[in-house]
Each structure stands twice: as C-alpha cells, then as structure tokens.
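# Geometric and topological summary
The residues making up each chain are set out below.
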Amino acid sequence: MHSDFPPLAFVDIETTGGSAGRDRITEVGIVEVDGPHVRRWSQLIQPGTRIPAFIQKLTGIDDAMVADQPPFEAVAADILDRLRGKLFVAHNARFDYGFLRAEFKACGIDWQTPVLCTVKLSRLLFPQQARHNLDTLIATHQLQMPDRHRALADADALAQFWQILQTRFDPVTLLNAVTSLSARPAVPPQLDAEHIDRLPETPGVYLFFDAQRRPLYIGKSKNLRSRVLAHFSAALSQPKEMRLSQQVADIDWIETAGEVGALLLEARLVKHHQPSMNVQLRRQRDLHAWQLDDSSALHTPLRPRLVNGPDIALGLQDNLFGPFRSRREAQQLLETLASTQGLCRGVLGLEQIAAGKPCFAYQVRQCAGACVGTQSMAQHNLALLTALTRHKVQRWPHPGPVGLREGSDLHVLHEWRYLGTAKREDEVAELLESGQPAFDFDTYKILHKAMAQARAGQIVRLG
C-alpha cells in the first residue's frame with residue numbers, strides 16, 4: 001500500500017432492519033489493512049430483539065445463531081480498538097457508520113472517524129459504469145465471494161476491490177480520490193460538527209436557526225445530509241449561501257417517509273415560521289381566480305370575472321381558473337392570453353370599447369376581430385376556454401377524504417387540503433376530526449402532482 005495512505009478498516013455489518021434509530025446490529029466484520037499487514041475479524045451480536053424472517057433469509061443469520069452471542073456493549077471496546085486510527089471504509093458507508101455510531105452512543109461512547117464510501121469511490125473512478133452496488137462490483141472485478149451477505153465476506157470483498165484499484169490507478173490519482181471523498185465537508189465554525197455528522201441520508205425537512213433561535217431558512221430534500229452540506233459548499237460562490245452560512249447557529253431536521261411528505265411539511269413549516277431567507281412558500285395573501293359563470297353559452301360573450309377570498313371555493317367548483325397570488329398576477333395572465341391567442345381585450349373586459357367598434361389590438365392586427373364580427377363569438381369563446389384549460393383548478397375528485405400512502409406514512413387529504421400525516425389508524429381519526437385548514441396554493445400544487453402520479457392502491461378512501 002502507498003505510504004501516504006492511512007491504515008484502513010474495511011467494515012460491513014448485518015442488522016435487523018434499515019433504521020439505525022430502531023434496529024440493531026447482528027454481526028460485524030472488519031478487515032484491517034495497514035501496509036502489508038492484514039487482520040480479519042468478525043463477531044455475531046445478540047441484538048436483543050427478534051430478527052425478521054426476510055432478514056434471516058437474506059443473511060442466513062437466525063435467532064438461534066445469535067441467542068448465545070454477546071450483546072454489542074460486551075464487544076464495543078474490541079470493535080473500537082480495531083477501528084481506532086483507521087479510515088473507515090464501507091459500501092454505502094453512512095448505513096454502517098450510522099448503525100455503529102448509534103450502538104456506541106447507547107454504550108456511552110461518542111465515536112466518530114473519517115469515512116470513505118466505496119460506492120462513491122467506484123462512481124468517481126469508473127464513471128462509465130452504470131451501477132455501483134456490491135453485487136455489480138463483485139461481478140465486474142471478479143471478486144472472490146464465498147458467503148454473500150455475511151459481514152466478514154462483504155468486508156473482505158471491499159478489501160479485494162481496494163487491491164484491484166491499487167493495480168489500476170497510480171498512487172497519486174488514488175490518493176486524491178480518497179482524500180476528496182473522505183475529507184470532512186466544510187462546516188461553519190459556529191456549528192457543532194458532530195451534530196452535522198448525525199444528519200441522515202434520508203428524505204425530510206431541515207431548519208436553519210440564527211443565534212436567537214429564529215428561523216433563517218427551511219428546506220426539504222430527498223437526502224438531508226447532502227442538501228445541508230451543499231449549502232455550505234456553495235457559500236464560497238453564492239452570496240445568499242454565504243449570508244446563510246454566516247448567520248446559521250443551529251440546525252434541526254425532521255425525517256419523512258418520502259419526497260411528498262417532505263414537500264408538504266416544508267410548505268406548512270415555512271408558512272408557520274416565516275423564515276427570513278425563504279423567498280418561496282411564504283404566507284400568501286387572499287388568492288384570486290378567474291371565474292366563468294356559464295361556459296356553455298358559446299354564442300354570447302364569455303367574460304371572466306375575477307373573484308377572491310370568500311367568493312371562491314377552490315377545489316369545489318368546476319369553473320375556476322388559477323389560482324393567483326394577487327390581482328396583478330391574475331390580470332397579467334389574461335393580458336398574455338389576449339396577446340398570444342388573438343383574443344379581444346374589449347370582449348374580455350380589459351378595455352372599454354363602444355358596441356361594434358374595434359378594440360385597439362384589432363387596429364394593430366393583434367385581435368382576431370370578435371369586437372367587430374370578423375370572428376364569431378363562438379370561436380372567440382372556444383379560443384378563450386382552450387387557452388384557460390391548463391390553468392383550470394381541478395375539482396376534488398373524491399367523494400370525501402382520502403389517504404395518500406408513502407412508505408409507512410399515510411398523508412390525510414380532503415378537498416386539496418393537507419390535514420396531516422398518520423402512522424396509525426387512531427391518528428387518522430384524530431386528523432379527520434381536527435378540522436380543515438384553508439386552501440393553500442402550494443399544497444394544492446404538491447397534491448395535484450402527487451395524486452396524478454400515484455400508483456394503484458396508493459390512494460385509499462377514508463370514512
């Protein structure tokens with residue numbers, strides 16, 4: 001091994017599930033590499049809970065195998081000694097690292113170390129390769145794998161992969177790759193770096209606070225850790241991110257089951273907290289919409305009427321188009337449609353004209369002539385309806401409230417309103433009885449897209 005490389009610990013663990021906060025480790029495998037010296041070690045762990053059947057089938061580790069094995073706290077010191085002073089190397093490293101941190105923390109040990117993920121290393125060194133999971137690496141590089149999904153065998157496969165990299169890349173290239181991937185991301189000095197290390201690579205919402213615990217910024221991501229760190233990386237080149245990095249004093253986060261839950265929670269929290277650096281999703285004023293009273297009367301002029309506040313029931317009417325955050329925004333849309341579709345501004349009520357007289361746009365050949373009869377009123381009305389179609393507020397398509405499944409969560413919805421997210425049946429009942437919030441434009445857009453993309457069985461009727 002090149003002399004500039006630190007000692008390495010190739011690590012793999014087997015667990016009872018995928019959550020470091022809920023599930024436990026059942027096996028640890030470590031291959032220590034320090035120059036020419038290699039040590040292999042593995043240990044089954046008594047997790048203190050039953051191993052699910054599908055995990056038993058995947059790993060071959062069952063309850064009987066771990067029944068007489070030591071709990072993690074009994075071997076924690078031995079594991080810590082094997083990892084101390086070494087670069088922690090694992091495949092999808094945040095999974096293994098997160099589980100071990102959680103187990104060490106339960107033992108009263110605050111452990112952290114530099115981490116190298118071999119998924120990221122493979123992507124960096126083999127960009128032409130489509131997939132980088134461990135099975136692909138085993139097949140592509142012909143790694144010897146006698147016992148897949150056992151901790152020591154998987155850890156040993158990573159050590160073999162490392163040996164192959166040393167033969168294919170010069171030491172400088174490999175060292176630069178390792179250094180760039182294992183270096184701790186730059187974090188503002190006023191933040192607790194250990195707190196940032198706990199950020200999960202899961203969907204959710206993050207909240208930046210200033211020194212007085214006032215919300216600065218709220219965002220969402222499918223990967224909380226990478227998104228938060230991206231803010232700090234961008235601080236060197238983007239003024240807004242620089243201001244955010246200078247002012248942030250603390251960070252909180254809330255994990256969600258998926259992207260839809262993160263979007264809904266972000267929209268709700270931004271409107272509640274009104275963070276100073278969020279431009280979008282801020283609390284809206286009274287919404288406006290264009291209303292057509294009788295779209296079937298194609299031989300009399302259809303003139304959109306601007307309505308807002310209590311005059312509109314968004315999601316409950318078939319004749320609304322929008323909505324818009326202001327009267328000006330609504331007016332601008334109608335002006336744009338008139339210009340691009342050859343509609344008459346006089347017929348639309350945007351310009352005062354005498355009966356039978358041409359509007360100004362007709363005189364400059366931008367109106368098709370509904371004002372003077374060269375275009376029939378039926379044609380003008382049809383052109384208006386066609387242009388407005390993409391702005392139509394869809395009527396709530398269900399007879400009552402529904403649930404939108406996302407992982408283990410159920411988002412409870414009614415009339416395009418988001419009532420909340422439930423994990424248990426009693427929580428669904430509570431949300432249905434808690435009352436209905438006001439229509440929110442951002443929530444409507446999120447739900448409209450999510451429900452249009454929902455798969456069969458993902459939407460369930462409630463009540």
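Everything in this summary refers to the structure shown in the same document. Here the residue numbering is sequential within each chain, running from 1 through the sequence in written order. Restriction of local features to residues with pLDDT of at least 70 applies here, the model being predicted, together with a cutoff of 80 or more for giving and counting side-chain atom pairs; totals for whole chains, interfaces and linings are based on all residues. Values shown for side chains rest on all heavy atoms present in the structure; no hydrogens or waters enter the calculation.

Right, let's get into the overall build of the protein chain. The helix and strand labels rest on DSSP assignments: H or I over at least four residues marks a helix, E over at least two residues marks a strand, and numbering proceeds from the N terminus. A count of helical and extended segments in the protein chain gives 18 helices and 15 strands. Taken along the three principal axes of its C-alpha coordinates, the protein chain extends 95 × 50 × 50 Å. Any residue under 20% of the maximum accessible area for its type is buried, any over 50% is exposed, and the rest in between are partly exposed; the area is computed with a 1.4 Å probe on protein chains only. Considering the protein chain as a whole, with its 463 residues, one finds that 48% of them fall into the buried category. For the protein chain, the share of sequence-separated contacts (at least 6 apart) that also reach a separation of at least 24 residues comes to 61%. Per-residue accessibility takes into account occlusion by the displayed protein chains alone, with areas from the Shrake-Rupley method and a 1.4 Å probe. Of the roughly 23,500 Å² of accessible surface on the protein chain, 50% is carried by carbon and sulfur atoms. Positive and negative side-chain charges of the protein chain, numbering 52 and 50 respectively, have mean locations separated by a distance of 9 Å. Here a residue-residue contact requires only that any non-hydrogen atoms of the pair lie within 4.5 Å. We score Asp and Glu as negative and Lys and Arg as positive, and we do not count His or the chain ends. Working definition for charges: the position is that of NZ of Lys, CZ of Arg, CG of Asp or CD of Glu.

Okay, the pairing of strand β9 (residues 288-291) next. When a strand is regular, its side chains alternate between the sheet's two faces. Side chains His288 and Trp290 project from β9 onto one buried face, and the interleaved Ala289 and Gln291 project onto a second face that is buried too. Two strands pair when backbone bridges link them, and β9 and strand β10 (residues 305-308) are joined in this way by four bridges, in the antiparallel orientation. Looking across to β10, one finds that His288 is bridged to Asn308. Strands are labelled as partners when DSSP assigns at least two bridges between them. Looking at chain direction, β9 and strand β11 (residues 320-324) are connected through three bridges and run antiparallel. Each residue of the ladder has a partner; that of Trp290, found in β11, is Phe321.

All right, on to the sheet that holds strand β4 (residues 87-90) then. Read across the open sheet, the five strands follow the order β3-β2-β1-β4-β5; overall the sheet is mixed. Two strands lie at the open edges of the sheet, namely β3 (37-44) and β5 (115-117), each paired on one side alone. Here the average twist between neighbouring strands, direction ignored, is 20 degrees. Across three bridges, the pairing between β4 and β5 is parallel. Bridged to Val89 within β5 is Leu116. A fitted line through C-alpha atoms represents every axis, and for helices the fit uses only the stretch in contact; the resulting angles, taken between N-to-C directions, go from 0 to 180 degrees. Along the sheet, helix α3 (residues 72-83) makes contact with β1 (8-15), β2 (25-34), β3 and β4, crossing β2 at roughly 20 degrees. Packing of helix α7 (residues 151-168) onto the sheet brings it into contact with β1, β2, β3 and β4, and relative to β1 it is tilted by some 150 degrees.

Let us now look at helix α4 (residues 93-106). Helix span is expected to be 1.5 Å times the residue number reduced by one. With 14 residues, α4 should reach 20 Å at 1.5 Å per residue; the first-to-last C-alpha distance of 20 Å fits that figure. Of the positions making up α4, those classed as buried are Ala93, Asp96, Tyr97, Phe99, Leu100, Arg101, Glu103 and Phe104. In this structure, the buried residues of α4 make contact with β1, β2, α3, β4, β5 and α9 (193-197). Following α4 by one or two positions, Gly108 has its phi on the positive side, about 80 degrees.

This next bit is on unusual backbone geometry. With glycine set apart, most residues show a phi of negative sign, and most peptide bonds adopt trans. The amide bond that connects Gly322 to the next residue, Pro323, takes the cis arrangement and shows omega of -10 degrees. With respect to the element layout, Pro323 can be found in strand β11. One non-glycine residue, Asn92, adopts positive backbone phi at about 55 degrees. Relative to the helices and strands, Asn92 is located in the loop between β4 and α4. Despite not being glycine, Arg213 has its phi angle at roughly 65 degrees, a positive value.

This paragraph deals with the nonpolar core. Only buried Ala, Val, Leu, Ile, Met, Phe, Trp, Tyr and Cys residues count toward a nonpolar core, and they belong to the same one when joined by side-chain atoms within 4.5 Å. If you look at the biggest cluster of nonpolar residues, it comprises 29 residues, and the most contacted ones within it are Leu8, Phe10, Leu121, Leu125, Trp162 and Leu165. In terms of residues, this core owes the most to one element, α7, which gives nine residues. One finds Ala9, Val28, Phe88 and Val119 within the second-largest nonpolar core, a separate group that totals 25 residues.

Turning next to the packing of helix α12 (residues 259-273) against helix α18 (residues 441-452). One way to put it is that α12 packs onto α18 with a least axis distance of 10 Å and a crossing angle of 175 degrees. With respect to their mutual orientation, α12 and α18 come out roughly antiparallel. Between α12, through Val260, Leu263, Leu264, Ala267 and Lys271, and α18, the contact on the second element is made entirely by Asp442, Thr443, Ile446, Leu447 and Ala450. Each residue gets one of three labels, nonpolar for Ala, Val, Leu, Ile, Met, Phe, Trp, Tyr, Cys and Pro, charged for Asp, Glu, Lys and Arg, and polar for the others, Gly among them. Grouping the constituent residues of the contact of α12 with α18 by class yields seven nonpolar, one polar and two charged. Roughly parallel means an angle under 35 degrees; roughly antiparallel means over 145; roughly perpendicular covers 65 to 115; every other angle is labelled oblique.

Another aspect to go through is the pattern of salt bridges. Once the charged atoms of two side chains with opposite charge are near each other, the side chains can pair. What makes a salt bridge here is a side-chain nitrogen of Lys or Arg within 4 Å of a carboxyl oxygen of Asp or Glu, nothing more. Under the definition given, this model contains 22 salt bridges. Of the charged contacts, one joins Asp63 and Arg50 as a salt bridge, the two residues approaching to 3.3 Å between their closest N and O atoms. Here Asp63, found in helix α2 (residues 63-66), pairs with Arg50, found in the loop between β3 and α1 (53-59); they are 13 residues apart in sequence, far enough to count as distant. Here Lys271 makes a salt bridge to Asp442, at a shortest N to O gap of 2.7 Å. Taken together, the residues Lys271 in helix α12 and Asp442 in helix α18 connect sequence positions 171 residues apart. Of the two residues, Lys271 and Asp442, neither departs from the other in class, the shared state being buried. Overlapping salt bridges, with partners in common, bring together Glu32, Arg39, Asp78, Arg82 and Lys86 in one network.

Working definition: the strands of a sheet are paired by backbone hydrogen bonds and lie parallel or antiparallel to each other. With antiparallel pairing, the three strands of this open sheet are ordered in space as β7-β6-β8. Whereas interior strands pair on both sides, the edge strands pair on one side only; in this sheet they are β7 (215-221) and β8 (250-255). The sheet shows a mean angle of 15 degrees between the axes of neighbouring strands, direction not considered. Bridging between strand β6 (residues 204-209) and β8 involves six bridges; their strand directions are antiparallel. Pairing of Gly204 across the sheet is with Glu255, part of β8.

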